[in-house]
Each structure stands twice: as structure tokens, then as C-alpha cells.
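What follows is the residue order along each chain.
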Amino acid sequence: MKSAQNHKRMNSTLKRLFLFIGFAIVLSTPINAQDYCYVRLGDASGLNTDTYQAGLETATREFIQQYPTLQDSFKVFDFGFYLHQESYQGSFPEVLQQKIDEVANLSPYYLLFGKQTDKTGVYTKFWVDLKLPGSGQF
């Protein structure tokens, strides 16, 4: 009799353990950036901008809805970077060109915001790159 009770108790404990593990896996699975129209790629400033993310996602979706040709092919990307040196080759920092290359692989059309932080302060300069289709009305 005790063996049957122990067996039931062990099965119950195992079920709870598997449910807990399954729940933990679901919670720890990263959210796919492809599910969003507004994608935050990271921010070296250390500022917490979590409270703005839902509003930015909503605004991006509303913008895309106005342009049917952009549906499923346009995203807004945002990242913050720390500029370690004031001088750089070309018209903008290398880290920005790296992000442009990265987002071009993520979405055919995009709006990219780069927020520069440097020794003078947080978000001292904003960089913008926009890629839209060459034809159509905008």
C-alpha cells in the first residue's frame, strides 16, 4: 500500500517538475525580432527605455498600415552606441555602418536610429538611415 502511495506521489512530483521546466523554457525563449515592427537592437547608454517600447511599436504599425507596399517589409530599428573617439573615417562612425549592414539583412526597407553617447553626455548626436523602395508613393 505504501509503495502505491509513494509511486503516486512521485508521479505527481514529476508532473509538477516537468510543468515547471516547460514553463521556464517558454519564459526564457527569446522573442523573435521578426514579430515586431519596432526593434530595439541595444543601447550602450544604460538608460532604461522599456516604458516607451509599446508606444513605439504601435506608432510603427500605424505608419506601416498607411503604406500597403511596406507591409511585411519595413521595420524601424533603434540602437545606442558609445563613441570612444571623436574622429572617424568617412561621414559617420564605423559602428553605424556595421548596424546599417546588419539591419539591411533583417529587413529590405527600414528606418534606423543611432543614438550616440560620448564623453560629453548621453545621446549627444542622433544618426538616421532610411531605406525605402525606389518606386511607389510615399
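Cut-offs and rules
Residues numbered from 1 in each chain as written. Predicted model: local features only at pLDDT ≥ 70, side-chain atom pairs only at ≥ 80, totals over all residues. Heavy atoms only, no water. Helix = DSSP H or I, 4+ residues; strand = E, 2+ residues; numbered from the N terminus. Buried < 20%, exposed > 50% of the residue type's maximum accessible area, 1.4 Å probe, protein only. Contact = heavy atoms within 4.5 Å. Areas by Shrake-Rupley, 256 points an atom, 1.4 Å probe, with all protein chains shown as cover. Pairing = 2+ DSSP bridges. Expected span 1.5 Å × (residues − 1). Arc of directions from axis to C-beta. Salt bridge = Lys/Arg side-chain N within 4 Å of Asp/Glu carboxyl O. Axes fitted to C-alpha atoms, helices over the stretch in contact; angles between N-to-C directions.

## Structural notes on the overall build of the chain
Line of reasoning, step 1. Check the secondary structure of the chain and you find three helices and four strands.
Line of reasoning, step 2. When the helices and strands of the chain are placed in sequence order, the string is α-β-α-β-α-β-β.
Line of reasoning, step 3. Within the span of the chain, comprising 138 residues, buried residues form 27% of the whole.
Line of reasoning, step 4. Contacts in the chain between residues at least 24 apart in sequence constitute 61% of all its contacts with a sequence separation of at least 6.
Line of reasoning, step 5. Entry remark: accessible area of the chain is about 10,100 Å², with carbon and sulfur atoms responsible for 57%.

## Some thoughts on the pairing of strand β4 (residues 121-131)
Line of reasoning, step 1. Relative to β4, strand β3 (residues 109-118) runs antiparallel, the two sharing eight bridges. By the bridge assignment, Leu-112 is partnered in β4 with Asp-129.
Line of reasoning, step 2. Between β3 and β4, which follow one another and run antiparallel, lie two residues.

## Digging into helix α3 (residues 94-106)
Line of reasoning, step 1. Counted at 1.5 Å a residue, the expected span for α3 with its 13 residues is 18 Å, and the 19 Å between its end C-alpha atoms agrees.
Line of reasoning, step 2. Looking only at α3, the buried set comprises Leu-96, Lys-99, Ile-100 and Val-103. When α3 is viewed along its axis, its buried side chains cluster within an angular range of 105° and face the same direction. Counted as exposed and oriented over 90 degrees from the buried face of α3: Glu-94 and Asn-105.
Line of reasoning, step 3. Where α3 is buried, its residues meet β1 (38-43), β2 (74-82), β3 and β4.

## Focus on the environment of Tyr-82
Line of reasoning, step 1. Residue placement: Tyr-82 occurs in strand β2.
Line of reasoning, step 2. Along the primary structure Tyr-82 and Ala-44 are separated by 38 residues, whereas in three dimensions their C-alpha atoms are 5.9 Å apart.

## What to know about the pattern of salt bridges
Line of reasoning, step 1. Enumeration over the complete set of coordinates arrives at five salt bridges.
Line of reasoning, step 2. Among the ionic pairs, Asp-50 bridges to Arg-40, the shortest N-O distance being 2.8 Å. With Asp-50 in the loop between β1 and α2 (53-65) and Arg-40 in strand β1, this residue pair connects regions lying 10 residues apart in the sequence.
Line of reasoning, step 3. Residues Asp-78 and Lys-115 are paired through a salt bridge, measuring 3.1 Å at the closest nitrogen-oxygen approach. Taken as a pair, Asp-78 in strand β2 and Lys-115 in strand β3 lie far apart in primary sequence, 37 residues in all.
Line of reasoning, step 4. The structure contains a network of salt bridges with shared partners spanning Asp-43, Asp-78 and Lys-115.

## Some details on the sheet that holds β3
Line of reasoning, step 1. On the basis of which strands lie adjacent, the open sheet formed by four strands has the order β1-β2-β3-β4 and mixed pairing. Edge strands, defined here as strands with exactly one partner in the open sheet, are β1 and β4. Adjacent strand axes in the sheet meet at a mean angle of 15°, parallel and antiparallel pairs treated alike.
Line of reasoning, step 2. When β2 meets β3, the two strands line up parallel, connected through nine bridges. Bridge pairing in β3 places Phe-74 opposite Tyr-109.
Line of reasoning, step 3. Contacts from α2 reach β1 and β2, with the element oriented near 140° to β1.
Line of reasoning, step 4. Sheet contacts for α3: β1, β2, β3 and β4; angle to β3, the most-contacted strand, approximately 155°.

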